[in-house]
Protein chains: 2
Amino acid sequence: MFESAEIGNRLDKAAYDREMPRLRARLIQLQTELINRRSTEVLIVVNGVVGAGRSETAHLIGELFDPRQVEVVPDLPPNDEECCRPPMWRFWRSLPAKGRIGVYFAGWYGPPMEDRLKRRRDKAQFDMELEAIKRFEQMVVDEGALVIKFWFHLSAKEQKKRLEALEADNETSWRVTKEDWKRAGAYRRIRNIAERTVRETSTGVAPWFVIEGLDRSYREIAVARTLVDEISRVIAAQDEATEQKPKLPAPRKAARRRGDPPPLTHLGTTNVLSALDLGLRLSKDDYKQALPHWQGRLARLSREKALRHHGVIALFEGYDAAGKGGAIRRVSEALDPRFYRIVPIAAPSDEERQHPYLWRFWRHMPPRGRLAIFDRSWYGRVLVERVDHLLAEPVWRRAYAEINELEQELVDSDMIIAKFFMVVSPEEQLRRFRERQKVAFKRYKITPDDWHNREKRADYDDAVIEMIARTSTELAPWCLVEGEDKNYARIKVLRTLVETIEKKLG
Amino acid sequence: MFESAEIGNRLDKAAYDREMPRLRARLIQLQTELINRRSTEVLIVVNGVVGAGRSETAHLIGELFDPRQVEVVPDLPPNDEECCRPPMWRFWRSLPAKGRIGVYFAGWYGPPMEDRLKRRRDKAQFDMELEAIKRFEQMVVDEGALVIKFWFHLSAKEQKKRLEALEADNETSWRVTKEDWKRAGAYRRIRNIAERTVRETSTGVAPWFVIEGLDRSYREIAVARTLVDEISRVIAAQDEATEQKPKLPAPRKAARRRGDPPPLTHLGTTNVLSALDLGLRLSKDDYKQALPHWQGRLARLSREKALRHHGVIALFEGYDAAGKGGAIRRVSEALDPRFYRIVPIAAPSDEERQHPYLWRFWRHMPPRGRLAIFDRSWYGRVLVERVDHLLAEPVWRRAYAEINELEQELVDSDMIIAKFFMVVSPEEQLRRFRERQKVAFKRYKITPDDWHNREKRADYDDAVIEMIARTSTELAPWCLVEGEDKNYARIKVLRTLVETIEKKLG
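Residues numbered from 1 in each chain as written. Chains lettered and ligands numbered in written order. Predicted model: local features only at pLDDT ≥ 70, side-chain atom pairs only at ≥ 80, totals over all residues. Heavy atoms only, no water.

A.B. asks: I'd like a description of the interface of chain B and chain A, backed by residues and values.
C.D. replies: With 46 residues of chain B at the contact, the number on the chain A side is 47 residues. Area buried by chain B at its contact with chain A is led by Trp-174, Phe-441 and Tyr-444 of chain B, which between them contribute 18% of it. Linking chain B with chain A are five residue pairs in polar contact (both at pLDDT 80 or more), by the criterion used here. Those elements giving two or more residues to the side of chain B that touches chain A turn out to be α1 (13-37), α2 (54-64), α3 (80-83), α11 (284-302), α12 (324-333), β7 (340-344) and α13 (350-353) of chain B. With six residues, the single largest contributor to the side of chain B that touches chain A is α11 of chain B. Tallied by class, the residues present in the side of chain B that touches chain A amount to 18 nonpolar, seven polar and 21 charged. (Contact = heavy atoms within 4.5 Å. Buried area = accessible area lost by both parts, 1.4 Å probe. Polar contact = N/O pair within 3.5 Å; in protein donor to acceptor, adjacent residues only side chain to side chain. Helix = DSSP H or I, 4+ residues; strand = E, 2+ residues; numbered from the N terminus. Nonpolar A, V, L, I, M, F, W, Y, C, P; charged D, E, K, R; others polar.)

This is the structure:
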């Protein structure tokens, strides 16, 4: 696979001097285009063998573009904030905003390839990690990113020659480190791992560009050309897309009728919502007994050694006034403030808008040994954003799979996930709205949105039913909470959370 | 000092039920006011002895306000990202945005009091840390924050009674931990440290409120009342301020003429700028020799063990087209990308606008063993923001002291700071502007701002001269770089950076 990059490609200075200025001018144009559109972030992965010009290329890219719009992400070993979170967390955090360019040394390929090199992973594990990478790249591309991956290659012979040459000249000798020679020693093995990686992860959405690193002029022109091709490609594609389908308002009932499979509501006479017994209640006395019991169990559980190896996510969705806030408070009351964080999810900030939609949730993922309580969550995408037609249908449809992968990834790194959906009947909801409006310090809780959402209850129900159907996995099942009676709901939430954690700790 | 909080303050339920709803309604009003104005962030420090109701109060505050606008910051031990940075870094990072409320358990008082308790600090060191805290609080208040500090007190006797009572009742026994009893054991010493802290740091801008924790009703009303008083106080103060001095455009020449002391330009016939010899040059050959020499020294230096204990900041300011970018590139070329980060400073994002102005720079402070290259910096406040009258004079005047304190703090935690100001004559600058406009891929570098700044050169000179006079400390001296000849300038930057680091490593 690398043979084509061992044929001694060179480019004479004249040709270089002719072409480079044109390419640079074009790249600046394209970057301006990117900045104006704010619709695409460019992720450039720079990888390859020692001495093939990785750092030089990173610097080159800094010169080709306006460097103030470029972020260089080195391949550092993860620090402890990163160690205690899922492997992809640090890369999610490092994503550049739309319109900006991120240059990644090795990037998300660094850790798995390094682990494989050091034999900390076997082939099978390695392939699984490559699969996860493919899903990640697919997702960011679906969200508008452009991923350009360079692999700079040198034959073993050329690599040795290059390093020796650099060392001989005492103007450049400082560029060669012991580490470089170590890697050169492992050339064969590194090459094999690289072959596998490049083969497995050269997808349609994010192919690898293998470039011969021997001759600087050739390398730089090759890089610049690739950048021009790729960036102009996405820009052209965007223009086409906007021409072809002008943004029509999504049909009022889009979610209904269509949808594969059709919402369960239409399959039978009953569904997960209508099947709920909203009559369930808990007497004041039983509540007074149960509350300290379950809060105590939760508190003790939170101090258990075993929990230090698990992050916990308690995620709350539900109808307005279904009692999310009250339930969350009963949970947090029981806990040492050092143990938990409440993450209220409102409309995204414009910084958040300029990243793939999961980015703003990755920011708040708890480390091992901590609990994050999400007051609303990534499910907004398939609930409010779907119901209010804020998204084209394909986009929120795609989200089901993306969410399942996200939760899969979290569970893979020993995260415990409890998902609660609080249900209240339209009648009880109305009663609570009115009640809130009576009390001065509760009035602020009622907004026009709440009334708006009430009208869309039917669409909401459909969205909820499909959400449950598609995202209630055995890894992260949904707990539907009968919220008609607050006492009952609060205890059910506490009990379920405790039992979910206990189950995982075994 | 705490005697007044040992007199057994109680409040009967009736009085509580009468007053609390009013207070809550008022607080929600005030919070809405805060959110609409976006001019004030509220920092609430919750501290005190065990069993006096700290956590309960944090929860209370969450209920008194819209919890989605409140961030609770627990007192965790610093993680390694935090350990390798100045002590205040984590608190800067945790500052809530304007309009929001941050509730800090112990907050910035936690670490020093803990260190003092464990005898890791002597009285003198402890007092110094309290001084630093006072400066920090002064700064955030100057920037619009409201700081409310609660100390919850119990007599030793009452504390013991409280813990025993909690333990006796098996509904609440889980609330008491071993740690609690350990602290109760150290009551006397903790009380003394608290006395000193509360006395030393009860300033006009951020006084302590000492509240007796014995009776819950009393405590909660006391807290709620304090919050109402304090928040309405700042809001009233803001209204007054806006009424008194309506925003007039600052007089064209404000910076000139006034200013204490008057800009050095007016003292003598010469000044630090006019004293520069812009004739200094370096021949192409000398440059070709010097560049690899100094890059090599810098590269080797960057790999030295000793450097792992020092963060390095290389900060670049200068006139447009004075060669900042080129100099920065010559520095970064020499370095392993894992060692450095380039931090380009543009106009603040709106997230950044909603914090004290130093916040956006604290975000990017390098950890020990790393280099951060600031392309423009916190000096923008006393340069462009002053010259373009983006700030009232008192605000940028205040900045000199704030900046010196910032750099003091950085140096105190073994940071190495090299500050470069690149100077180019108006004539040469014009030549470079024109040159850039000729080259397609350089044209983007020339913006209307550049021409605008040229016109204000005189004001700029004054600002620069005063900046040098006020912020060139022996801890962090300015290096003025004669930028007329790029070769000379680049080598001077490299050499100065190398020598600054070597000097510190000794």
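A.B. asks: Go over unusual backbone geometry with me, naming the residues and quoting the values.
C.D. replies: Residue and element names in this part refer to chain A. The backbone of Arg-119 sits at a positive phi, close to 60°, despite the residue not being glycine. Despite not being glycine, Arg-376 has its phi angle at roughly 75°, a positive value. By the secondary structure assignment, Arg-376 is in the loop between β8 (371-375) and α15 (384-387). Residue Arg-376 is classed as partly exposed on the basis of its relative accessible area of 25%. (Buried < 20%, exposed > 50% of the residue type's maximum accessible area, 1.4 Å probe, protein only.)

A.B. asks: Describe in detail the pattern of salt bridges, supporting the description with residues and values.
C.D. replies: Residues and elements named next belong to chain A. In this structure the tally under the stated criterion is 102 salt bridges over all chains. The partner of Glu-385 in a salt bridge is Arg-381, and the shortest N-O contact between them spans 3.5 Å. When sorted by exposure, Glu-385 lands in the same class as Arg-381, which is buried. Taken together, the shared-partner salt bridges in this structure form one network comprising Asp-142, Glu-143, Arg-381, Glu-385, Arg-398 and Glu-402. (Salt bridge = Lys/Arg side-chain N within 4 Å of Asp/Glu carboxyl O.)

A.B. asks: So, the side chain of Glu-82 of chain A: which residues are in play, and what are the values?
C.D. replies: Along the chain, Glu-82 of chain A turns up in helix α3 (residues 80-83). If we skip the residues at most four places from it in the chain, Glu-82 of chain A touches Pro-77, Trp-89 and Arg-90 of chain A.

A.B. asks: Go over the packing of helix α7 (residues 156-168) of chain A against helix α8 (residues 178-185) of chain A with me, naming the residues and quoting the values.
C.D. replies: All names here are of chain A. α8 packs onto α7 with a crossing angle of 160° between their chain directions and a minimal axis gap of 11 Å. Between α7 and α8, the angle falls in the class roughly antiparallel. For α7 against α8, the interelement crossing comes out left-handed. Counting all contacts with α7, which are made through Gln-159, Lys-160, Leu-163, Glu-164 and Glu-167, the residues of α8 involved are Asp-180, Trp-181 and Ala-184. (Axes fitted to C-alpha atoms, helices over the stretch in contact; angles between N-to-C directions. Parallel < 35°, antiparallel > 145°, perpendicular 65-115°, else oblique. Left-handed = near helix turned anticlockwise from the far one by under 90°.)

A.B. asks: Quick one: what's the story with the UniProt feature "domain: Polyphosphate kinase-2-related" (unreviewed entry) in chain A, residue by residue and with numbers?
C.D. replies: All names here are of chain A. UniProt tags residues 11-232 and 282-503 as "domain: Polyphosphate kinase-2-related" (unreviewed entry). Annotated as residues 11-232, this span is 57% helix and 13% strand, and its ends, taken at the C-alpha atoms, are 24 Å apart. Between the C-alpha atoms that bound residues 282-503 there is a distance of 25 Å. The span itself is 52% helix and 14% strand. (UniProt positions renumbered as here; feature names shortened; annotations may be inferred.)

A.B. asks: I'd love a proper account of the domain arrangement of chain A, names of residues and values included.
C.D. replies: Residues and elements named next belong to chain A. Domain boundaries assigned for chain A yield domain 1 (3-244) and domain 2 (276-505). Taking the mean C-alpha position of each, domain 1 and domain 2 sit 40 Å from one another. Facing 19 residues of domain 1, the contacting portion of domain 2 comprises 20 residues. Interface area, domain 1 with domain 2, both sides summed: about 1,800 Å², of which 60% is carbon and sulfur. For domain 1, the biggest contributors to the area lost against domain 2 are Pro-86, Trp-92 and Glu-143; these three give 32% of the whole. If you look at where domain 1 meets domain 2, you find three salt bridges. In this structure, the salt-bridge partner of Arg-381 is Glu-143, at a minimum N-O distance of 3.2 Å. Inspection of the region where domain 1 meets domain 2 yields 10 residue pairs in polar contact (both at pLDDT 80 or more). Of all elements in the fold, only α4 (89-94) and α6 (123-142) reach the threshold of two or more residues within the side of domain 1 that touches domain 2. Among the elements that take part in the side of domain 1 that touches domain 2, α6 stands out by supplying four residues, more than any other. Among the residues making up the side of domain 1 that touches domain 2, the classes are represented as 11 nonpolar, no polar and eight charged. (Domains from an automatic or database assignment.)

A.B. asks: Let's hear about the side chain of Glu-220 of chain B: which residues, and what values?
C.D. replies: Along the chain, Glu-220 of chain B turns up in helix α10 (residues 216-244). Residues within four places of Glu-220 of chain B in sequence aside, it is in contact with Tyr-16, Met-20 and Leu-60 of chain B.

A.B. asks: Which residues make up the environment of Arg-85 of chain B, and what values do they have?
C.D. replies: All names here are of chain B. Topologically, Arg-85 is positioned in the loop between α3 and α4 (89-94). A residue is classified by how much of its surface remains accessible, and Arg-85, at 12% relative accessible area, is buried. The sequence separation of Arg-85 and Pro-366 amounts to 281 residues, and the corresponding C-alpha distance is 7.3 Å. Once residues lying within four places of it in the same chain are set aside, the contact partners of Arg-85 are Met-365, Pro-366 and Pro-367. At 2.8 Å, the side chain of Arg-85 and the backbone oxygen of Met-365 are in polar contact.

A.B. asks: Outline the sheet that holds strand β4 (residues 146-153) of chain A, listing residues and values.
C.D. replies: Strands in a sheet are paired, the pairing made by backbone hydrogen bonds, and the direction either parallel or antiparallel. Residues and elements named next belong to chain A. Overall, parallel pairing links the five strands, which are arranged β2-β3-β1-β4-β5 in an open sheet. The open sheet has two free edges, formed respectively by β2 (70-73) and β5 (208-212), since each of these has just one partner strand. When the angles between neighbouring strand axes are averaged without regard to direction, this sheet yields 20°. As judged from the seven bridges shared by strand β1 (residues 42-48) and β4, these two strands associate in the parallel manner. (Pairing = 2+ DSSP bridges.)

A.B. asks: Describe the pairing of β8 of chain A, and please don't skip the residues or the numbers.
C.D. replies: Residues and elements named next belong to chain A. In terms of burial, β8 is largely enclosed, as five of its five residues are buried. Side chains of β8 alternate between two faces, with Leu-371, Ile-373 and Asp-375 and Ala-372 and Phe-374 buried alike. Taken together, the five bridges between strand β7 (residues 340-344) and β8 define a ladder with parallel strand orientation. Its bridge partner being in β8, Val-343 is matched across the sheet by Phe-374.

A.B. asks: Report on helix α17 (residues 426-438) of chain B, specifying residues and quantitative values.
C.D. replies: Residue and element names in this part refer to chain B. Under the 1.5 Å per step criterion, the end-to-end length of α17 is 19 Å for 13 residues, consistent within 8% with the ideal 18 Å. Within the span of α17, buried status applies to Glu-428, Gln-429, Leu-430, Arg-432, Phe-433 and Arg-436. Looking at the buried residues of α17, the elements they touch are α18 (448-455), α19 (457-471) and α20 (486-505). (Expected span 1.5 Å × (residues − 1).)

A.B. asks: Please provide a residue-by-residue account of the relation of the copies chain B and chain A, values included.
C.D. replies: In screw terms, the move from chain B to chain A is a rotation of 180° and a rise of 0.1 Å along the axis, fitting with an RMSD of 0.0 Å. Classification of the inter-copy transformation places it as that of a two-fold axis. By C-alpha distance to the rotation axis, the residue of chain B lying nearest is Asp-80 of chain B, at 3.2 Å. Both copies share a contact surface, since 100% of the interface residues of chain B are interface residues in chain A too. (Least-squares fit on C-alpha atoms with pLDDT ≥ 70 in both.)

A.B. asks: Please give an account of the packing of α6 of chain A against helix α9 (residues 187-201) of chain A that cites residues and values.
C.D. replies: All names here are of chain A. It is the contact of α6 with α9, at a shortest axis distance of 10 Å, that shows an interaxial angle of 40°. Put simply, α6 runs oblique to α9. Regarding α6 and α9, the two cross each other, and that crossing is right-handed. Contact residues: Lys-123, Phe-126, Asp-127, Leu-130, Lys-134 and Glu-137 in α6; Ile-193, Arg-196, Thr-197, Glu-200 and Thr-201 in α9. Split into classes, the residues belonging to the contact of α6 with α9 amount to three nonpolar, two polar and six charged.

A.B. asks: Before we move on, could you go through the environment of Val-493 of chain B and cite the residues and values that matter?
C.D. replies: All names here are of chain B. Along the chain, the position of Val-493 falls in helix α20. Owing to a relative accessible area of 0%, Val-493 belongs among the buried residues under this scheme. Once the C-alpha coordinates of Val-493 and Ala-327 are considered, the two residues, 166 residues apart in sequence, prove to be 6.9 Å apart. Sequence-distant contacts of Val-493, that is, excluding residues within four places in its chain, are made with Phe-316, Ala-327, Val-331, Phe-420, Met-422 and Val-481.

A.B. asks: Could you give an account of the sheet that holds strand β6 (residues 312-318) of chain A, naming the residues involved and the relevant values?
C.D. replies: All names here are of chain A. Strand order in the open sheet formed by five strands is β7-β8-β6-β9-β10, with parallel pairing between adjacent strands. The strands lining the two open edges of the sheet, one partner per strand, are β7 and β10 (478-482). Taking each pair of neighbouring strands and ignoring which way they run, the sheet shows an average axis angle of 20°. Pairing of β6 with strand β9 (residues 416-423) involves seven bridges; the strand directions are parallel. Each bridged residue has a counterpart across the sheet, and for Glu-317 the counterpart in β9 is Phe-421. Packing of helix α19 (residues 457-471) onto the sheet brings it into contact with β9 and β10, and relative to β10 it is tilted by some 145°.

A.B. asks: I'd love a proper account of the confidence of the model for chain A, names of residues and values included.
C.D. replies: Residue and element names in this part refer to chain A. The predicted model of chain A has a mean per-residue pLDDT of 90, with 95% of residues at 70 or higher. Of all secondary-structure elements in chain A, the lowest mean pLDDT belongs to α3, at 81, while β6 reaches the highest, 98. Confidence over residues 250-267 falls short of pLDDT 50; this stretch has 30 contacts with residues more than four positions distant or in other chains. Complex prediction metrics read pTM 0.79 and ipTM 0.73. (pLDDT = per-residue confidence, 0-100.)

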